[in-house]
Amino acid sequence: MPGRLERWVRLFALAVAVLGVLLLIGAAFSVNVRPDAEAYWLAAQRLREGLPLYGGPRGDETEIYRYAPWFAYAWVPLTYLGHDAAFAVWRGILLAASLVAIWPLLRQPTVAAVALAVLFGGLLVSALPPANATPLMVGALVLGLRTRIGPILVGLAGSLKVFPLLFMSGYLAERRWVQAFVAIGVAAVLWLHILAFDVGLFAQIGGPSFYVGGVSLIGVSPLLWLPVAIGCLLAGIVLAVRKSPWIWLAAGAAIPLAVPRVWLPDAAYLLPGAIMLLRTIEDRRRSRAGNHP
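Residues numbered from 1 in each chain as written. Predicted model: local features only at pLDDT ≥ 70, side-chain atom pairs only at ≥ 80, totals over all residues. Heavy atoms only, no water.

Asks: Help me out: how do you make sense of unusual backbone geometry in this one?
Replies: Keep in mind that most residues, glycine aside, have a negative phi and that most peptide bonds are trans. Unusually for a residue other than glycine, arginine 175 sits at a positive phi of about 60°. With respect to the element layout, arginine 175 can be found in the loop between α8 (168-173) and α9 (177-192). Residue arginine 175 is classed as partly exposed on the basis of its relative accessible area, which comes to 30%. Its identity as a non-glycine residue notwithstanding, lysine 243 has a phi of 55°, on the positive side. With respect to the helices and strands, lysine 243 occurs in the loop between α12 (222-241) and α13 (247-258). By relative accessible area, which is 43% here, lysine 243 ends up partly exposed. (Helix = DSSP H or I, 4+ residues; strand = E, 2+ residues; numbered from the N terminus. Buried < 20%, exposed > 50% of the residue type's maximum accessible area, 1.4 Å probe, protein only.)

Asks: For this particular structure, what's the right way to read the layout of surface pockets?
Replies: If a probe as big as a water molecule is rolled over the atoms, it shows which places are left empty. Its boundaries defined by the atoms lining it, the second largest pocket holds a volume of some 450 Å³. The wall of the second largest pocket is formed by 18 residues, among which Pro104, Leu105, Gln108, Ile275 and Leu278 lie closest to the centre. Of all the secondary-structure elements, those providing two or more residues to the lining of the second largest pocket are α4 (83-106), α5 (111-125), α6 (134-144) and α14 (270-291). Among the elements that take part in the lining of the second largest pocket, α14 stands out by supplying 5 residues, more than any other. Classifying every residue of the lining of the second largest pocket gives 14 nonpolar, 2 polar and 2 charged. (1 Å grid on protein atoms, 1.4 Å probe; cavity = no way out; pocket = protein on both sides within 12 Å on 5 of 7 lines; lining within 4 Å. Points joined across faces, edges and corners; volume = space filled by probe spheres on them. Nonpolar A, V, L, I, M, F, W, Y, C, P; charged D, E, K, R; others polar.)

Asks: Looking at this structure, how should I read the packing of helix α2 (residues 37-49) against helix α3 (residues 69-79)?
Replies: Pairs of packed helices are described in terms of their axes, by the angle between the two and the distance that separates them. At a closest axis distance of 8 Å, the pairing of α2 and α3 adopts a crossing angle of 85°. The angle between the axes of α2 and α3 places the two elements in the roughly perpendicular class. Packed against α2, whose contacting residues are Ala37, Tyr40, Trp41, Ala43, Ala44, Gln45, Leu47 and Arg48, the element α3 presents Phe71, Ala72, Tyr73, Trp75, Val76, Leu78 and Thr79 at the interface. Looking at the contact of α2 with α3, its residues break down into 12 nonpolar, 2 polar and 1 charged. (Axes fitted to C-alpha atoms, helices over the stretch in contact; angles between N-to-C directions. Parallel < 35°, antiparallel > 145°, perpendicular 65-115°, else oblique. Contact = heavy atoms within 4.5 Å.)

Asks: Explanation requested: the pattern of salt bridges in the structure shown.
Replies: Opposite charge on two side chains allows them to pair when their charged atoms are near. For the coordinates displayed, the defined rule picks out 2 salt bridges. With its nearest N and O atoms 2.7 Å apart, the salt bridge here joins glutamate 282 to arginine 285. Here glutamate 282 pairs with arginine 285, and both are found in helix α14, just 3 residues apart, close to one helical turn. (Salt bridge = Lys/Arg side-chain N within 4 Å of Asp/Glu carboxyl O.)

Asks: What should I look at first to understand the nonpolar core in this one?
Replies: If you look at soluble globular proteins, the nonpolar side chains tend to sit buried side by side. Tyr40, Trp75, Trp90 and Phe167 are the most contacted members of the largest nonpolar core, which has 65 residues in total. Setting aside chain neighbours within four positions, we find tryptophan 75 in contact with Ala37, Tyr40, Trp41, Ala44, Phe87 and Trp90. Within the second largest apolar cluster, 7 residues are counted, among which are Leu217, Ile218, Ala229 and Ala258. (Core = buried A, V, L, I, M, F, W, Y, C linked by side-chain atoms within 4.5 Å.)

Asks: What's the story with the side chain of lysine 161 in this structure? I'm lost.
Replies: Checked against the element boundaries, lysine 161 lands in the loop between α7 (150-160) and α8. We note that lysine 161 is buried and unpaired, the nearest opposite charge coming from aspartate 266 at a distance of 4.4 Å. For lysine 161, the side chain forms a polar contact with the side chain of asparagine 132, separated by 2.6 Å. Excluding its chain neighbours within four sequence positions, the residues that come into contact with lysine 161 are Asn132, Thr134, Met137 and Asp266. (Lys, Arg positive; Asp, Glu negative; His and termini not counted. Polar contact = N/O pair within 3.5 Å; in protein donor to acceptor, adjacent residues only side chain to side chain.)

Asks: Can you walk me through the packing of aromatic side chains in this structure?
Replies: Each aromatic ring pair is described using two quantities: the centre-to-centre distance and the angle formed by the ring planes. In total, this model carries 14 aromatic pairs according to the counting rule given. Between tyrosine 40 and tryptophan 90, the aromatic rings sit 6.0 Å apart at their centres with planes inclined by 85°, giving edge-to-face as the arrangement. Of the two residues, tyrosine 40 is situated in helix α2 and tryptophan 90 in helix α4; the sequence distance between them amounts to 50 residues. You'll find tyrosine 40 and tryptophan 90 in the same group, each marked buried. Both rings, one in tyrosine 54 and one in tyrosine 65, keep their centres 5.7 Å apart while their planes meet at 40°; by these two values the pair is tilted. Remark: tyrosine 65 occurs in the loop between α2 and α3 and tyrosine 54 occurs in the loop between α2 and α3; sequence separation between them is 11 residues. Tyrosine 65 matches tyrosine 54 in its accessibility class, with the two residues each being buried. Every member of this aromatic cluster is reached through a ring pair, and the members are Tyr40, Trp41, Tyr54, Tyr65, Tyr67, Trp70, Phe71, Trp75, Phe87 and Trp90. Against the face of tyrosine 80 rests arginine 48, its NZ or CZ located 3.9 Å from the ring centre. (Phe/Tyr/Trp six-rings, centres within 6.5 Å; stacked < 30°, edge-to-face > 60°. Lys NZ or Arg CZ within 6 Å of the ring centre and 35° of its normal.)

Dropping the structure here:
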């Protein structure tokens, strides 16, 4: 009887998760928002026309390009498709990245894993209307964080939004100094490319481009955000010093908790952190089993 009750409770939790995600996605698609990707499109257009990369329109926040130059170059081929086709392709890429991100959970034959896949998948899909790059970064980190190119992916993500560099703390905890250096180095090199452009124009970007808030705790109350941010920092230091595998999850959790400017889909950064935690624990378990026949 307890086993049957537990199964019903799990199914109910999954149903609630599905309902919540449907409401979240419905809310995201029902609001007419100007896509963040408009900034990518306009920046790529300026590169094609020989105009200043960081000297674009200032009428709306989504028109302001504030990322490393390489990403604008990556968007140049899309501009040859036309605006609507380019955005359709870009959203298709983001949707594919969202599926890649939740695939490790879908492979687990448990209700809990499926419920988490639904929740995280819903968070990522809700980013499709604004067409922000978040699903692409999360999917790439889930797919490659454990591989040899993991540090490069962390550096690439860090060159778009600095806070994915928090995952570098996982390499530090594992005393993988080279990987940590590569992650920082890739992000730095990609950002140094900005020196080839008019840095003065970039320095003039302000106002709505750099406001804090969204769903960040600092937007709720700076007095609430400050102790949480300090707590995340101290927890990360302690976990890194103790070589704890939980540092991966802590790094993912620190992004929605401690970053001053975040949106709801940014909570999906918990996903690569959680998967790295589980994989690291499993690797250690196998290593101990191999050393003790």
